[in-house]
Structure formats: C-alpha cells, structure tokens
Amino acid sequence: MGLRIDLAALQANYRALAQRAPSARAAAVVKANGYGLGADVVASALAAAGARDFFVALTREVAPVRAAVGGDARIFVLSGHMAGSDPGDAIPMLNSAEQFFRDRAMRPGRPFGIQLDTGMNRLGMEPGEWAAIRDEALSQRPVLVMSHLACADEPDHPMNRRQLTAFREMTDGIDVPRSLAATGGILLGPEYHFEMTRAGIGIYGGLPFADARPVVRLSLPVIQTREVLEGESVGYGNTWTATKTTRVATVAAGYADGIHRALSSDGQAARIDLLAGTQRCPVLGRVSMDLITADVSGLEEVPEALDLISPVQTVDDVAAAINTIGYEILTSLGGRYPREIV
Ligand SMILES: *Cc1c(COP(=O)(O)O)cnc(C)c1O
C-alpha cells in the first residue's frame with residue numbers, strides 16, 4: 001500500500017548506467033528530493049551501490065544528502081553559488097562570471113566547478129564570458145567543468161553533436177575533469193561520456209533509459225465500492241454518467257498527492273486506468289483532491305488497493321496520458337503516501 005520504492009532496482013539501474021560509460025565516474029542526480037522518492041533513502045542506497053558524487057539543484061537540498069552519504073562523498077550544486085546561499089561543504093557549479101567572483105571572494109581555496117552553456121541557453125557561462133575568465137578560473141583549479149544537453153533524449157537530433165562540438169571547443173586541452181552527459185547523453189555513446197556522467201531519471205526507472213528496471217509502485221487503498229445505475233453520474237461536475245449498471249471503487253489519493261487532475265476522464269472516455277494486477281479499471285469522472293473513482297465492474301473481487309503505477313502501467317505511461325514526462329509524474333508524487341522501502 002502507498003508508494004513502494006524498490007532500492008535493489010534503483011541500484012541495478014545506477015550500475016547499468018555506470019557500465020554504459022565505463023571510462024567515467026558515475027555521479028547520481030538526487031535533486032528535487034531524489035526525483036520525489038526521498039533524497040535520504042535514495043542517496044544512501046546509491047552510496048551503497050558505489051556512487052561517490054551527487055548532484056542537487058539547490059544548496060537547501062545539500063543537508064539531507066550529506067546526512068545520508070557521509071562526509072567523503074562530493075555533492076555538487078547545479079544552481080552554483082547564489083547570493084545569500086552559501087554552499088557550505090558542497091561544490092557549487094558556478095554558472096556566470098558574477099557567481100565566479102562572488103564564490104572566489106567568499107570561499108577562497110574551497111572547491112568549485114564551472115558550468116558552461118553550449119546552446120541550451122538555460123544555465124552556464126556563454127563562450128565569450130568563459131573566454132574572459134577562463135585563465136583566472138583555471139588557475140584556481142576547478143574540480144569539474146560541465147555542460148548540459150538540450151535534446152539528448154532524441155539520439156538523432158543534430159543539436160547533440162552541435163553541443164558536443166561547442167563543449168569541446170570551450171574545454172579541449174584543459175586539465176580538469178569534464179561532464180556533459182545525463183541519462184540521455186550516456187545512451188548517445190562514448191564521445192559524450194568524458195570523465196563524469198550525471199544520470200538522474202534512468203536511475204529512477206524512467207525514459208529515455210528504456211532498459212531500466214521499474215523502481216516505483218503506487219498502490220492506492222480502496223475506501224468504498226458502490227453500484228451506480230444507468231443515468232447516474234460520478235464525481236464533481238457530473239462529467240461521467242453510467243450508461244449501464246457499473247461497479248465503482250473510490251480510492252484514497254488525488255491531485256494533492258500528485259495525481260494530476262488532468263488524468264480525469266474526458267467525459268465518458270477514460271484517460272488512464274487503475275490496475276488490479278493486470279486487469280484494467282478505467283478512471284471515471286474527475287480526479288479530486290483526495291479521491292479517485294474507477295470502474296471495477298470487470299473484477300470478480302475488488303482488492304484492498306488498486307495500482308496507478310506498476311510494471312503494467314509505468315511512470316512514463318501515466319505521463320503520456322497527459323502529455324508530460326515521467327520526471328514530472330515522479331517529482332509530483334508528494335509526501336502524503338505511506339512509503340514502503342523494499
Ligand atoms: C536534472 C539534470 C541532470 C539529470 O538528468 P536526467 O535526464 O534526469 O538524467 C543532469 N544534469 C543537469 C544539469 C540536470 O539539470
């Protein structure tokens with residue numbers, strides 16, 4: 001019942017991705033509370049699987065990871081060193097000249113990394129900015145220079161090679177470990193691996209790592225079942241009306257638990273199912289804050305819980321139903337479920 005997290009699968013995914021890039025150190029990205037699964041649990045399992053380098057987005061995210069992985073591991077902060085948020089014992093990935101000078105003034109001699117922009121135009125120094133501070137930055141010995149790919153989940157996208165070329169132009173010849181690949185980049189092949197990879201979603205069982213083992217199962221307890229007669233409707237707005245007698249189960253989870261309201265049925269047509277093992281129970285009517293209703297007429301016996309996420313219906317299947325990505329489904333899951341770690 002609740003959110004079940006399979007740590008053996010998580011560790012297997014980490015190791016499998018590390019093996020795809022054997023020449024690189026395999027860092028693990030545990031930002032956003034370990035993609036919603038719990039940064040402490042996830043980070044300590046990955047440390048046990050051999051990870052020594054971790055990435056978070058914000059300095060606020062460092063403490064729970066540090067507590068889980070101990071003092072020896074390195075924790076990199078992708079947002080770098082923002083005004084008013086001292087990275088402490090973590091390593092800021094400095095992404096502008098402004099951040100570089102702030103950090104060097106406040107933390108002389110402490111480890112730092114450099115983040116370059118190679119075309120995504122989101123975070124990192126642009127080529128001109130990098131050229132201007134490069135000599136000074138390198139003289140202070142950064143521990144890592146990295147950039148991020150915009151289209152790595154599309155292997156044939158010409159942007160991948162453009163960014164690889166730009167990254168090499170900005171960094172070839174420097175004596176600093178480099179990192180370009182997240183999950184998608186690892187799968188693009190050895191040219192993209194450099195000295196460190198930064199897998200996130202693939203570790204958690206999501207695409208584009210199609211060979212991942214599923215990590216999450218989400219089982220929602222059935223509170224009540226009832227018979228709905230032809231002509232009666234279900235849920236807010238009366239958006240679904242029975243055309244024949246239907247057995248309806250109500251489960252205890254809703255959009256406050258990260259089950260997007262967009263998963264509501266489109267009038268009569270379900271967008272997503274709940275599952276009793278492999279048997280499908282279409283979601284009827286609106287997803288409300290704490291409750292979801294599903295058609296269980298096809299079941300001989302209604303189980304104690306129905307699954308939203310399982311090996312039969314993956315995180316990416318749920319995402320596809322509402323035109324989003326597995327990342328958003330995972331990070332939305334919220335803190336109200338009982339968590340079971342296996
Ligand atoms: C989130 C993130 C990652 C991890 O990406 P995945 O696609 O989840 O593997 C790596 N690097 C940066 C800069 C990121 O923002």
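Residues numbered from 1 in each chain as written. Predicted model: local features only at pLDDT ≥ 70, side-chain atom pairs only at ≥ 80, totals over all residues. Heavy atoms only, no water.

A.B. asks: How do you make sense of the packing of helix H5 (residues 97-106) against helix H6 (residues 127-139) when you look at a structure like this?
C.D. replies: A packed helix pair is summarised by two numbers, namely the angle formed by the two axes and the spacing between the axes. One way to put it is that H5 packs onto H6 with a least axis distance of 10 Å and a crossing angle of 20 degrees. The orientation of H5 relative to H6 falls into the category roughly parallel. Here H5 and H6 pass one another in a crossing that is left-handed. Note on element contacts: H6 touches H5 through Glu 129, Ile 133, Glu 136 and Ala 137, opposite Ala 97, Phe 100 and Phe 101. Grouping the amino acids of the contact of H5 with H6 by side-chain chemistry returns 5 nonpolar, no polar and 2 charged. (Axes fitted to C-alpha atoms, helices over the stretch in contact; angles between N-to-C directions. Helix = DSSP H or I, 4+ residues; strand = E, 2+ residues; numbered from the N terminus. Parallel < 35°, antiparallel > 145°, perpendicular 65-115°, else oblique. Left-handed = near helix turned anticlockwise from the far one by under 90°. Contact = heavy atoms within 4.5 Å. Nonpolar A, V, L, I, M, F, W, Y, C, P; charged D, E, K, R; others polar.)

A.B. asks: How should I be thinking about the UniProt feature "modified residue: N6-(pyridoxal phosphate)lysine" (unreviewed entry) in the protein chain in this particular structure?
C.D. replies: Using the residue numbers shown here, the UniProt feature "modified residue: N6-(pyridoxal phosphate)lysine" (unreviewed entry) corresponds to Lys 31. Considering the arrangement of structural elements, one finds Lys 31 in helix H2 (residues 31-35). When sequence neighbours within four positions are dropped, the list of residues in contact with Lys 31 reads Phe 55, Val 56, Ala 57, Glu 61 and Leu 78. (UniProt positions renumbered as here; feature names shortened; annotations may be inferred.)

A.B. asks: Just checking my understanding: could you explain the domain arrangement of the protein chain for this structure?
C.D. replies: One frequently used descriptor of interface size is the decrease in accessible area upon assembly of the parts. Taken as a whole, the protein chain is organised into domain 1 (7-204) and domain 2 (216-341). Here domain 1 and domain 2 have C-alpha centroids that lie 37 Å from each other. Contacts between the two partners involve 9 residues from domain 1 and, on the opposite side, 7 residues from domain 2. Roughly 740 Å² is buried in total at the junction of domain 1 and domain 2, and carbon and sulfur atoms are behind 73% of that figure. (Domains from an automatic or database assignment. Buried area = accessible area lost by both parts, 1.4 Å probe.)

A.B. asks: What am I meant to see in the site of the ligand here?
C.D. replies: If you check the shell around the ligand, you find 14 residues, and the closest are Lys 31, Tyr 35, Thr 183, Ile 201 and Tyr 327. Within the side chain of Lys 31, a nitrogen or oxygen atom sits 2.7 Å from an oxygen atom of the ligand. With respect to the ligand, the backbone of Ile 201 contributes an N or O atom lying 2.7 Å from an oxygen atom. Relative to its unbound accessible area of 390 Å², the ligand is 91% covered by the protein chains. Structurally, the ligand is housed in the largest pocket. Elements represented by at least two residues in the shell around the ligand include exactly H2 and strand E9 (196-199). Of the residues contributing to the shell around the ligand, the split by class is 8 nonpolar, 3 polar and 3 charged. (Near = heavy atom within 4 Å. Polar contact = N/O pair within 3.5 Å; in protein donor to acceptor, adjacent residues only side chain to side chain. Areas by Shrake-Rupley, 256 points an atom, 1.4 Å probe, with all protein chains shown as cover. 1 Å grid on protein atoms, 1.4 Å probe; cavity = no way out; pocket = protein on both sides within 12 Å on 5 of 7 lines; lining within 4 Å. Sits in = over half its atoms within 2 Å of the grid points.)

A.B. asks: In this structure, what is going on with the UniProt feature "active site" (unreviewed entry) in the protein chain? I would like to understand it.
C.D. replies: Here, UniProt's "active site" (unreviewed entry) annotation points to Lys 31 and Tyr 236. In sequence the annotated residues extend across 206 residues, and in space they extend as well, their farthest C-alpha pair lying 35.4 Å apart. As for the annotated residues, the ones lining the largest pocket are Lys 31. Look at Lys 31 and you get partly exposed, because its relative accessible area is 28%. Examined against the element boundaries, Tyr 236 turns out to sit in the loop between strand E11 (233-234) and strand E12 (240-241). Looking at Tyr 236, the relative accessible area reads 61%, which means it is exposed. The contacts of Tyr 236, once residues within four sequence positions are left out, are Arg 286 and Ser 288. (Buried < 20%, exposed > 50% of the residue type's maximum accessible area, 1.4 Å probe, protein only.)

A.B. asks: Honestly, the packing of aromatic side chains in this entry has me stumped. Any pointers?
C.D. replies: Two descriptors summarise a pair of aromatic rings, namely the distance from one centre to the other and the angle between the planes of the rings. Taken as a whole and assessed by the stated rule, the structure comprises 6 aromatic pairs. On the basis of an interplanar angle of 15 degrees and a centroid distance of 4.4 Å, the ring pair of Tyr 35 and Tyr 204 is categorised as stacked. Of this pair, Tyr 35 sits in helix H2 while Tyr 204 is found in the loop between E9 and strand E10 (216-228), placing the two residues 169 residues apart along the sequence. An identical accessibility class is assigned to Tyr 35 and Tyr 204; each is buried. Taken together, the aromatic side chains of Tyr 35, Tyr 204 and Tyr 327 make up a single cluster linked through ring pairs. (Phe/Tyr/Trp six-rings, centres within 6.5 Å; stacked < 30°, edge-to-face > 60°.)

A.B. asks: I would appreciate a short explanation of the pattern of salt bridges in the present structure.
C.D. replies: Where charged atoms from two side chains of opposite charge come close, those side chains can pair. Under the defined criterion, the tally for this structure stands at 18 salt bridges. The closest approach of N and O atoms between Asp 89 and Arg 66, which form a salt bridge, is 3.0 Å. On the criterion of sequence distance, the pair formed by Asp 89 in the loop between strand E4 (74-77) and strand E5 (91-94) and Arg 66 in helix H4 (residues 62-69) is long-range, its members being 23 residues apart. Linking Arg 217 and Asp 307 is a salt bridge whose minimum nitrogen-to-oxygen distance equals 2.7 Å. On the criterion of sequence distance, the pair formed by Arg 217 in strand E10 and Asp 307 in strand E17 (residues 305-309) is long-range, its members being 90 residues apart. Taking relative accessible area as the criterion, Arg 217 reaches 27% and is therefore assigned partly exposed. Under the relative-accessibility criterion, Asp 307 is labelled buried at 6%. (Salt bridge = Lys/Arg side-chain N within 4 Å of Asp/Glu carboxyl O.)

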